[in-house]
Amino acid sequence: MSPFNLTSSTPATFILTGIPGMEQLHVWISIPFCSMYLAALLGNAVLLFTIWAERSLHQPMYLFLCMLAIADLTLSTTAVPKMLALFWFRAREISFGACLTQMFFLHFTSLAESVILLAMALDRFVAICFPLHYGVLLTPSAVAKAGLAALLRSFCIIFPCVFLVRRLPFCGHNVIPHTYCEHMGIARLACADISANIWYGLVVPFTAGLLDLLLIAASYASILLALSRVPSGSARHKALHTCGSHLCVLLLFYVPAAFTALAQRFGRGIPPGVHILLANLYVLFPPLLNPIVYGVRTRQIRDRVLKVLLCPTSRELR
């Protein structure tokens, strides 16, 4: 096929099949998925509203938490509504442009969330290791620049994937055995060499995520070293408790992300239904559990949430 005919083989639409081997269970699977999605929307919305409404929470730690909540909402909303439409109404078709858009925002949001988690680790590092310089180093301007850096880095890494997919001829292949569009799921349908897609899609995002993990590990190593020198047991326990919430969120994000990325490329022995089911949970579990982790483990947020929720009730009783 000549290069001039490549664009003519681009399909107008793709067909999403859902979870292979579990088609008869789609309606039943949609019930917990929909429940988790609604709970994630509610939890993150309450978290965002509470931090916005309480001026005492307008601090770097909680501003980064707002960024994390927005990233979680974007991640789940990019994938779940189309997934539910597929399960409930068998709306399997998705246009080529919409598929690329969904692919972009899924991977873009994941990488942005990785940078936000790194920023949260650095926030704890400065707060514990350099408490006297905390207000000087982590100004509102520095927080805004960290958010902008997360967006710019993610865009620069993921946007080339759009061009890597658009250049491919598909020769009539348009059935994606998945519930949403992701880079390698689309690229594998092409009737051309996809080595560039494989290597770019694996090496560049994986390297960026690994770099974030190494910097997070270095931050926590410094934190543990600093805490080992703190004579007060209560102060050490308070600092570890604050860091514990962030460590839980790190595990919720990086473990499923790494498994999904590696299984997509190397998991030949994993049944497709199992892999895709876990990939769906990846876009649901972090958005669902992150606000719960911070709401339960962080007293300031827990107290403010109760205050925001109970204040209207108390005013009505008066």
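Residues numbered from 1 in each chain as written. Predicted model: local features only at pLDDT ≥ 70, side-chain atom pairs only at ≥ 80, totals over all residues. Heavy atoms only, no water.

(A) Region of the structure containing the packing of helix α1 (residues 26–53) against helix α10 (residues 285–297). Two numbers describe how α1 lies on α10: the axes approach to 8 Å, and their chain directions differ by 40°. Between α1 and α10, the crossing angle belongs to the class labelled oblique. Considering the relative orientation of α1 and α10, their crossing is left-handed. On the side of α1, the interface is formed by M36, A39, A40, G43, N44 and L47, while α10 contributes F285, P287, L288 and P291. (Axes fitted to C-alpha atoms, helices over the stretch in contact; angles between N-to-C directions. Helix = DSSP H or I, 4+ residues; strand = E, 2+ residues; numbered from the N terminus. Parallel < 35°, antiparallel > 145°, perpendicular 65-115°, else oblique. Left-handed = near helix turned anticlockwise from the far one by under 90°. Contact = heavy atoms within 4.5 Å.)

(B) Expanded view of the state of the cysteines. Within this structure, the stated rule accounts for 2 disulfides. A sulfur-sulfur separation of 1.7 Å characterises the disulfide bridge that pairs C171 with C191. On the S-S bond that ties C171 to C191, the torsion sits near 65°, and the link is right-handed. Of this pair, C171 sits in the loop between α5 (140–166) and β3 (175–176) while C191 sits in the loop between α6 (183–187) and α7 (195–227), placing them 20 residues apart in sequence. With relative accessibility at 38%, the residue C171 sits in the partly exposed group. Taken N- to C-terminal, the disulfide-bonded cysteines of the chain are connected 1-3, 2-4. For the unlinked cysteine C161, the closest cysteine sulfur is that of C156, found at 12 Å. (Disulfide = S-S within 2.5 Å. Buried < 20%, exposed > 50% of the residue type's maximum accessible area, 1.4 Å probe, protein only.)

(C) Representation of the packing of helix α2 (residues 60–89) against α10 within the structure. At a minimum axis distance of 9 Å, the contact between α2 and α10 shows a crossing angle of 155°. As the angle between them shows, α2 and α10 are arranged roughly antiparallel. When you trace α2 past α10, the crossing you get is left-handed. Here M61, L65, L68, D72 and S76 of α2 come into contact with α10, specifically with P286, P287, N290 and Y294. Among the residues forming the contact of α2 with α10, the class breakdown is 6 nonpolar, 2 polar and 1 charged. (Nonpolar A, V, L, I, M, F, W, Y, C, P; charged D, E, K, R; others polar.)

(D) Spotlight on α2. Here α2 is 30 residues long and its end C-alpha atoms lie 43 Å apart, about the 44 Å a rise of 1.5 Å per residue gives. Along its length, α2 reaches its greatest deviation from straightness, about 30°, at T77, and the proline P81 lies no more than four positions downstream. Across the 30 residues of α2, 22 count as buried, placing the element largely inside the fold. At the exit of α2 stands R90, carrying a positive phi of roughly 55°. (Expected span 1.5 Å × (residues − 1). Bend = angle between axes of the 7 residues up to and from the residue.)

(E) Region of interest: the side chain of H178. Of note, H178 is situated in the loop between β3 and α6. Taking relative accessible area as the criterion, H178 reaches 5% and is therefore assigned buried. When neighbours within four sequence positions are excluded, H178 is seen to be in contact with L16, T17, G18, L86, I276, A279 and N280.

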